[in-house]
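What the coordinates show
Here are the chains, one letter per residue:
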Amino acid sequence: MIVLMNHARLIGFLRKEHGNPAKGIPLFKQQSEGWEPWPDDIRAEFEEVATSRARLVYELCIGTGQRIGDVLSIRWSHLQNGAYDCTQGKTDKELWIPLTDRLKAYLATVEKRGLTVVTDASGRPVRYRTVAEEMRKVKGKMQHPEASKYVTHGLRKNATIELYRAGCDDEMVKAVTGHSGVEMLKKYGGKVRQRELATRAQEARNKMEQNRSGT
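The rules we used
Residues numbered from 1 in each chain as written. Predicted model: local features only at pLDDT ≥ 70, side-chain atom pairs only at ≥ 80, totals over all residues. Heavy atoms only, no water. Helix = DSSP H or I, 4+ residues; strand = E, 2+ residues; numbered from the N terminus. Buried < 20%, exposed > 50% of the residue type's maximum accessible area, 1.4 Å probe, protein only. Contact = heavy atoms within 4.5 Å. Areas by Shrake-Rupley, 256 points an atom, 1.4 Å probe, with all protein chains shown as cover. Phe/Tyr/Trp six-rings, centres within 6.5 Å; stacked < 30°, edge-to-face > 60°. Pairing = 2+ DSSP bridges. Salt bridge = Lys/Arg side-chain N within 4 Å of Asp/Glu carboxyl O.

Quick look at the overall build of the protein chain now. When its secondary structure is counted, the protein chain shows nine helices and three strands. Within the protein chain, the proportion of its 215 residues that are buried is 38%. Considering only contacts within the protein chain whose residues lie at least 6 apart along the sequence, 60% involve residues at least 24 apart. In the form shown here, the protein chain has an accessible surface area of approximately 14000 Å², with 52% of it arising from carbon and sulfur atoms.

Moving on, we get to the packing of aromatic side chains. What the rule picks out here adds up to three aromatic pairs. Where W38 meets F46, the ring centres are 5.2 Å apart and the plane angle is 80 degrees; that geometry is what we call edge-to-face. Considered together, W38 and F46 belong to a single accessibility category, that of buried residues. Through a chain of ring-to-ring contacts, the aromatic side chains of W38, F46 and Y58 assemble into a single cluster.

Okay, the side chain of T64 next. For T64, the position within the fold is in helix α3 (residues 52–64). With relative accessibility at 2%, the residue T64 sits in the buried group. If near-sequence neighbours (up to four positions away) are discounted, T64 is found in contact with V71, Y84, I97, L103 and V176.

Attention now moves to the pairing of strand β3 (residues 94–98). Of the two faces of β3, the one lined by L95 and I97 is fully buried and the one lined by E94, W96 and P98 carries no buried residue. Pairing of strand β2 (residues 83–87) with β3, which is carried by five bridges, proceeds in the antiparallel orientation. Across the sheet, the residue bridging to Y84 is I97, located in β3. The turn linking β2 back onto β3 is made up of six residues, and D92 within it adopts a positive phi angle of 60 degrees.

Here we come to unusual backbone geometry. Even without glycine at this site, N81 takes up a positive phi of about 55 degrees. Residue position: N81 is located in the loop between β1 (79–80) and β2. Backbone geometry places D92, a non-glycine residue, at a positive phi of 60 degrees. Structurally, D92 can be placed in the loop between β2 and β3. Assessed through its relative accessible area of 60%, D92 is described here as exposed.

Turning to the pairing of β2, a few remarks are in order. Taken together, the two bridges between β1 and β2 define a ladder with antiparallel strand orientation. Among the inter-strand pairings, Q80 is bridged to a residue of β2, identified as A83. Connecting β1 to the next strand, β2, in antiparallel fashion are two residues, including N81 with a positive phi near 55 degrees.

Moving on, we come to helix α2 (residues 40–49). I42, R43, E45 and F46 are the residues of α2 that are buried. Where α2 is buried, its residues contact α3, α5 (101–107), α6 (128–140) and α7 (154–165).

Proximity of charged atoms lets side chains of opposite charge pair with each other. Counted under the stated rule, the structure contains 13 salt bridges. One salt bridge connects E47 with R102, and the closest N-O pair in it is separated by 3.0 Å. In this pair, E47 is assigned in helix α2 and R102 in helix α5, connecting sequence segments 55 residues apart. Note that E59 is salt-bridged to R102, the shortest N-O span being 2.8 Å. Taken together, the residues E59 in helix α3 and R102 in helix α5 connect sequence positions 43 residues apart. Residue classification places E59 among the buried positions, given a relative accessible area of 2%. What emerges from the salt-bridge pattern is a single network uniting E47, R55, E59 and R102.

Here it is as structure tokens:
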């Protein structure tokens with residue numbers, strides 16, 4: 001709107017002394033929780049019916065908590081000594097993330113065909129569009145009627161929620177996911193984040209009271 005009004009002044013529709021009537025108007029913010037995390041029943045069925053590459057992408061997203069673009073860029077050389085060493089494509093943030101036991105076990109079953117972990121049949125890196133279409137086809141064949149509404153990026157939310165449920169605080173979660181601020185953690189962690197943090201806070205108070213009373 002501001003750009004439009006500036007253009008109107010330039011072409012004479014608005015007089016300069018009137019200024020820009022759109023200046024200072026706050027941006028409209030849509031209230032949204034973003035992508036939905038995958039429910040347990042959706043995850044269970046996907047794990048059963050997924051193609052090998054779709055399952056690999058799924059495991060990498062869950063295990064690392066990274067965006068799909070970064071997951072497709074993972075090279076075998078990035079996985080050393082049980083950890084994932086990377087630089088996020090969107091933020092340029094450098095991360096070193098220990099692999100979960102589950103992800104290490106799954107990667108041990110994956111054939112190394114090329115430089116990247118996720119490849120085509122010839123061992124070449126795969127484009128996002130190709131993987132996105134493959135994930136959609138898998139969900140389209142699932143019995144669950146709502147499977148198609150859960151997108152791959154939602155798995156990053158699953159990873160965030162799992163970290164909170166495991167007892168991690170905000171700084172620990174950010175160290176894995178690479179989120180830069182608490183506002184995004186609120187979005188990705190949702191109600192689970194608030195409940196887990198509140199539970200630990202009240203447990204800390206109870207412990208303090210017990211120590212104080214000597215019980």
